[in-house]
Amino acid sequence: MDGDGEEIREGRRRTRHHQWMDRAVAEARAGLSEGGIPVGAVLVEDGRILGRGHNRRVQQGNPVLHAEIDCLQDAGRRGNFRNSVLYSTLMPCYLCAGAAVQFGIPVVVAGESENFAGAREFLESKGVRVIDLHREDCISMMGEFIARHPALWKEDIGEL
């Protein structure tokens, strides 16, 4: 492992960020299998998951139950989130970015921002470090969903 938390595995570099993003991808797939929007999130601190969640807007009929919000709700009350990292398969929207800023989460790692640019500039303007992994699995999962369900996607991002 090098100083940036990267480890060498089978002759290639794979960051710890990708390992945690794998967990968020599993959450996104769970949401998709439930008939929902495939966005997943995990909140990590000191090498352990504090919370996990996926977009449940469709399943629960709740317009604010985005993956990141579901994840924070799963994490529960904490004294603070200053040492945590929020992983989301998609660049967070303003609702979810606002929650990250509100709770002082210092790092947000997104699986992709190709299908949705999200609120990266807002997060960075508030001092949050944003990392975009540009993962093909995240890009293709979201892209395929948007192509199949454009109205539902537009509803989710407030453009319907």
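Small disclaimer: the values here were computed from a predicted structure and weren't measured. (Residues numbered from 1 in each chain as written. Predicted model: local features only at pLDDT ≥ 70, side-chain atom pairs only at ≥ 80, totals over all residues. Heavy atoms only, no water.)

A short note on the packing of helix 3 (residues 67-75) against helix 4 (residues 94-102)
Relative orientation of the contacting elements helix 3 and helix 4 amounts to 35°, with a least axis distance of 8 Å. Contacts from Glu68, Ile69 and Leu72 of helix 3 reach helix 4 at Leu95, Cys96 and Ala99. (Axes fitted to C-alpha atoms, helices over the stretch in contact; angles between N-to-C directions. Helix = DSSP H or I, 4+ residues; strand = E, 2+ residues; numbered from the N terminus. Contact = heavy atoms within 4.5 Å.)

Quick notes on helix 3
With seven of nine residues buried, helix 3 is to be regarded as a mostly interior element. The complete set of buried residues in helix 3 reads Ala67, Glu68, Ile69, Asp70, Cys71, Leu72 and Ala75. Elements that come into contact with the buried residues of helix 3 comprise strand 3 (40-45), strand 4 (48-54), strand 5 (84-88) and helix 4. (Buried < 20%, exposed > 50% of the residue type's maximum accessible area, 1.4 Å probe, protein only.)

Describing the environment of phenylalanine 81
Among the structural elements, phenylalanine 81 can be located in the loop between helix 3 and strand 5. Residues phenylalanine 81 and glycine 104 lie 23 residues apart in sequence; the distance between their C-alpha atoms is 5.9 Å. Those residues in contact with phenylalanine 81 that sit more than four places away from it in its chain are Leu43, Leu72, Ala75, Gly76, Phe103, Gly104, Ile105 and Pro106.

Re helix 6 (residues 136-148)
An ideal rise of 1.5 Å per residue puts 18 Å on 13 residues; helix 6 measures up with 18 Å between its terminal C-alpha atoms. What helix 6 keeps buried is the set Cys138, Ile139, Met141, Met142, Phe145 and Ile146. Summarising the contacts, the buried residues of helix 6 are in contact with helix 1 (16-33) and helix 7 (150-156). (Expected span 1.5 Å × (residues − 1).)

Description of the confidence of the model for the protein
The share of residues in the protein with pLDDT of 70 or more is 91%, and the mean pLDDT across the chain is 92. Under a pLDDT of 50 for its full length, residues 1-12 has, in the predicted model, 15 contacts with residues more than four places off or in other chains. (pLDDT = per-residue confidence, 0-100.)

Remarks on the environment of glycine 31
Along the chain, the position of glycine 31 falls in helix 1. Residues glycine 31 and glutamine 59, 28 residues apart in the sequence, show an inter-C-alpha distance of 8.5 Å. With sequence-adjacent residues up to four places away left out, glycine 31 is seen in contact with Gly36, His54 and Gln59.

Regarding empty space enclosed by the protein
Within the structure shown, the criterion is met by one cavity of 30 Å³ or more. Every residue along the wall of the largest cavity is listed here: Val39, Asn55, His66, Glu68, Leu90, Met91, Pro92, Cys93, Phe116, Trp153, Asp156 and Ile157. Of the residues belonging to the lining of the largest cavity, the class tally is eight nonpolar, two polar and two charged. (1 Å grid on protein atoms, 1.4 Å probe; cavity = no way out; pocket = protein on both sides within 12 Å on 5 of 7 lines; lining within 4 Å. Points joined across faces, edges and corners; volume = space filled by probe spheres on them. Nonpolar A, V, L, I, M, F, W, Y, C, P; charged D, E, K, R; others polar.)

A few points about the pairing of strand 4
Judged by how many residues are buried, strand 4 sits mostly within the fold: five of seven residues are covered. Two elements, strand 3 and strand 4, share six bridges in a ladder whose sense is antiparallel. Along strand 4, the bridge assignment pairs valine 44 with isoleucine 49. Counting the residues that bridge the hairpin from strand 3 to strand 4 gives two residues, and of these aspartate 46 lies at a positive phi of roughly 50°. (Pairing = 2+ DSSP bridges.)

Considering the nonpolar core
In terms of nonpolar packing, the biggest core is built from 32 residues, with Leu43, Leu86, Ile105, Leu123, Met142 and Trp153 touching the most fellow members. Put simply, the parts of the chain that give this core at least two residues each are strand 3, helix 3, helix 4, strand 6 (107-110) and helix 6. The greatest single-element share of this core, amounting to five residues, is contributed by helix 3. Other than its neighbours up to four places away in sequence, leucine 86 contacts Ala41, Val42, Leu43, Glu68, Cys71, Ala100, Ile105, Val107, Val108 and Val109. In terms of nonpolar packing, the next biggest core, distinct from the first, is built from 16 residues, Val42, Val85, Val109 and Met141 among them. (Core = buried A, V, L, I, M, F, W, Y, C linked by side-chain atoms within 4.5 Å.)

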